[in-house]
Amino acid sequence: QMQLVESGGGLVQAGGSLRRSCAASGRIFSDYAMGWFRQAPGKERRFVAAITWSGGVPYYADSVKGRSTISRDNAKNTLYLQMNSLNPEDTAVYYCAARRGGYTNYGARYDYWGQGTQVTVSS
């Protein structure tokens, strides 16, 4: 099993920024592609960003492209998501996820998930 523990949730004002972290254990972190997803109340879980095991080929949803950066530090077994210019529409529970093999924006193809942390953006 891989365990994913998230941090960085909380309350932020519109226009502000957050850096979220996801610490992995139980598996060789560098063998896994990683992704971020989010789920607003009453909505389905949506893709945010993904990155390959090597840290290359980042991929972003159109809704966050240009204001978000996904990165990973394999030496620290940690995944990051930097989000800028936040707005209330970014309010959601955010999840990190891991998949052995290539990255994908399809959540059902990820093998392991973090516990989810709430991010609330106030106006």
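Placed above this text is the structure.
This section reports on the structure supplied with the text.

What follows deals with the pattern of salt bridges. Here the structure, examined in full by the defined rule, presents five salt bridges. With its nearest N and O atoms 3.4 Å apart, the salt bridge here joins Glu-6 to Arg-20. Separated by 14 residues along the polypeptide, Glu-6 in strand 1 (residues 3-7) and Arg-20 in strand 3 (residues 18-25) bring together distant segments of the chain. One exposure class covers both Glu-6 and Arg-20, and it is buried. Note that Arg-67 and Asp-90 form a salt bridge whose closest N and O atoms lie 2.8 Å from each other. Here Arg-67, found in the loop between strand 6 (59-60) and strand 7 (68-73), pairs with Asp-90, found in the loop between strand 8 (78-83) and strand 9 (92-100); they are 23 residues apart in sequence, far enough to count as distant. Arg-67 sits in the buried class, given a relative accessible area of 15%. For Asp-90, a relative accessible area of 1% corresponds to the buried category.

Before going further, it helps to examine the state of the cysteines. Counted by the stated rule, this structure contains one disulfide. In this model Cys-22 forms its disulfide with Cys-96; the gap between the sulfur atoms is 2.0 Å. Disulfide Cys-22-Cys-96: torsion about the S-S bond near 55°, hence right-handed. Of this pair, Cys-22 sits in strand 3 while Cys-96 is found in strand 9, placing the two residues 74 residues apart along the sequence. Grouping residues by exposure puts Cys-22 and Cys-96 together as buried.

This next bit is on the environment of Ile-51. Within the secondary structure, Ile-51 sits in strand 5 (residues 46-51). We classify Ile-51 as buried; its relative accessible area is 2%. C-alpha of Ile-51 to C-alpha of Ile-70: the two residues are 19 residues apart in sequence and 6.9 Å apart in space. Setting aside chain neighbours within four positions, we find Ile-51 in contact with Ala-33, Met-34, Gly-56, Val-57, Ile-70, Ser-71, Arg-72, Leu-79 and Tyr-103.

Now for the packing of aromatic side chains. For the structure on display, the rule yields eight aromatic pairs. Considering the side-chain rings of Phe-37 and Tyr-110, the 5.2 Å spacing of their centres and the 75° angle between planes classify their relative orientation as edge-to-face. Residue Phe-37 is found in strand 4 (residues 32-39), and its partner Tyr-110 is found in the loop between strand 9 and strand 10 (112-113); the two are separated by 73 residues along the sequence. For the pair formed by Phe-37 and Tyr-110, the shared burial category is buried. Measuring from ring centre to ring centre gives 5.0 Å for Phe-37 and Trp-113, while their planes differ by 55°; the resulting arrangement is tilted. Separated by 76 residues along the polypeptide, Phe-37 in strand 4 and Trp-113 in strand 10 bring together distant segments of the chain. When its relative accessible area of 2% is taken as the criterion, Phe-37 is described as buried.

What counts and how
Residues numbered from 1 in each chain as written. Predicted model: local features only at pLDDT ≥ 70, side-chain atom pairs only at ≥ 80, totals over all residues. Heavy atoms only, no water. Salt bridge = Lys/Arg side-chain N within 4 Å of Asp/Glu carboxyl O. Helix = DSSP H or I, 4+ residues; strand = E, 2+ residues; numbered from the N terminus. Buried < 20%, exposed > 50% of the residue type's maximum accessible area, 1.4 Å probe, protein only. Disulfide = S-S within 2.5 Å. Contact = heavy atoms within 4.5 Å. Phe/Tyr/Trp six-rings, centres within 6.5 Å; stacked < 30°, edge-to-face > 60°.

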